[in-house]
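# An overview of the molecular structure
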Amino acid sequence: MAIRIIVKDPDPVLHKRCREVEVIDDKVITLLDDMIETLHAANGAGLAAPQVGILKRICIVETEDGFFELINPVLKSGKGTQTGVEGCLSVPGKYGKVSRFNEVKVEAFARDGKKYLYKVKGFTARAFQHEMDHLDGIVYTSKATDMQDD
Ligand code: ZN
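Note that the coordinates shown come from a computational prediction; the quantities given were computed from them, not determined experimentally. (Residues numbered from 1 in each chain as written. Predicted model: local features only at pLDDT ≥ 70, side-chain atom pairs only at ≥ 80, totals over all residues. Heavy atoms only, no water.)

Here the focus is the pattern of salt bridges. This model, assessed by the stated rule, comprises 12 salt bridges. A salt bridge links Arg 4 to Asp 34, with the nearest nitrogen and oxygen atoms 2.8 Å apart. Linking Arg 4 in the segment before helix H1 (26-42) with Asp 34 in helix H1, this pair joins segments that are 30 residues apart in sequence. According to the relative accessible area criterion, Asp 34 is buried, its value standing at 5%. In this structure, Arg 111 and Asp 33 form a salt bridge, with 2.8 Å as the shortest nitrogen-oxygen distance. Of the two residues, Arg 111 sits in the loop between strand S4 (91-109) and strand S5 (115-121) while Asp 33 sits in helix H1, which places them 78 residues apart along the sequence. By sharing partners, the salt bridges in this structure join Glu 86, Arg 100, Arg 126, Asp 133 and Lys 143 into a single network. (Salt bridge = Lys/Arg side-chain N within 4 Å of Asp/Glu carboxyl O. Helix = DSSP H or I, 4+ residues; strand = E, 2+ residues; numbered from the N terminus. Buried < 20%, exposed > 50% of the residue type's maximum accessible area, 1.4 Å probe, protein only.)

So, on to the coordination of the zinc ion. Every protein donor of the zinc ion is accounted for by Cys 88 (SG), His 130 (NE2) and His 134 (NE2), and the metal-donor separations fall at 2.0 to 2.2 Å. On the primary sequence, the residues serving as donors to the zinc ion are separated as C-x41-H-x3-H. One end of the pair, Cys 88, is in strand S3 (residues 66-88); the other, His 130, is in helix H2 (residues 122-135), with 42 residues separating them in the sequence. We note that Cys 88, like His 130, is buried. (Donors = N, O, S within 2.8 Å, 3.2 Å for Na, K, Ca; no water.)

On to the packing of aromatic side chains. As enumerated under the stated definition, the model contains four aromatic pairs in all. Measuring from ring centre to ring centre gives 5.7 Å for Phe 68 and Tyr 118, while their planes differ by 85°; the resulting arrangement is edge-to-face. You can see Phe 68 sitting in strand S3 and its partner Tyr 118 sitting in strand S5, a full 50 residues away along the chain. What makes Phe 68 buried here is its relative accessible area of 10%. Owing to a relative accessible area of 15%, Tyr 118 belongs among the buried residues under this scheme. Taking the centre distance of 6.2 Å and the plane angle of 35° together, the rings of Tyr 116 and Tyr 118 count as tilted. Members of the aromatic cluster, each reached through a chain of ring pairs, are Phe 68, Tyr 116, Tyr 118 and Phe 128. (Phe/Tyr/Trp six-rings, centres within 6.5 Å; stacked < 30°, edge-to-face > 60°.)

The next thing to look at is unusual backbone geometry. Here the amide bond leading from Asp 9 into Pro 10 is cis, since omega sits at 10°, within 30 degrees of zero. Take Pro 10: it is sitting in the segment before H1. Positive phi values are uncommon outside glycine, yet Asp 146 reaches one of about 60°.

Summarising the sheet, strand S2 (residues 58-63) and S3 pair through six bridges and their orientation is antiparallel. Directly across from Cys 59, in S3, lies its bridge partner Leu 70. In sequence, S2 turns back onto S3 through a hairpin of two residues. The turn joining S3 and S4, which pair antiparallel and follow one another in sequence, is formed by two residues. (Pairing = 2+ DSSP bridges.)

Before going further, it helps to examine the side chain of His 130. Its relative accessible area of 6% is what places His 130 among the buried residues. Sequence-distant contacts of His 130, that is, excluding residues within four places in its chain, are made with Glu 86, Gly 87, Cys 88, Arg 100 and Tyr 140. (Contact = heavy atoms within 4.5 Å.)

Bringing H2 into the picture now. Over its 14 residues, H2 extends 21 Å from the first C-alpha to the last, a length consistent with the 20 Å expected when each residue adds 1.5 Å. Summarising burial for H2: 12 of the 14 residues are buried, a large majority. Buried within H2 we find Thr 124, Ala 125, Arg 126, Ala 127, Phe 128, Gln 129, His 130, Glu 131, Met 132, Asp 133, His 134 and Leu 135. One or two positions beyond H2, positive phi appears at Gly 137, with a value near 75°. (Expected span 1.5 Å × (residues − 1).)

Structure representation (structure tokens):
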């Protein structure tokens, strides 16, 4: 395992659409393990592969609801709205308000190759949506209002 360098905005890699993962091979498993170590070292709630320079549809989320590894995640449904403060490891020292679905259902593969359906709400749902946006080249600052320095 290794800690990877977190890419900072406005690096162009953060603004590209990521490719689907076709095979969950050793490279993907190593990437996931490195992302976990990198997330823990940075003390974040989530990390997406483009944030470590890899344009693959992989992200991880860790909140009080648990740890989630999402490979090729797809938003199946969303309901309700929440507005709250968000930050991003790729945009250090800044925060902004973003409106998101309050609850989401997301289908994704895990490293075991199986597909799972996650039903999450509140902060965890916010983190899912933030990380999945990264896979489409969207950094939250493009959706945020009231951006502030730390
Ligand atoms: Zn982010």
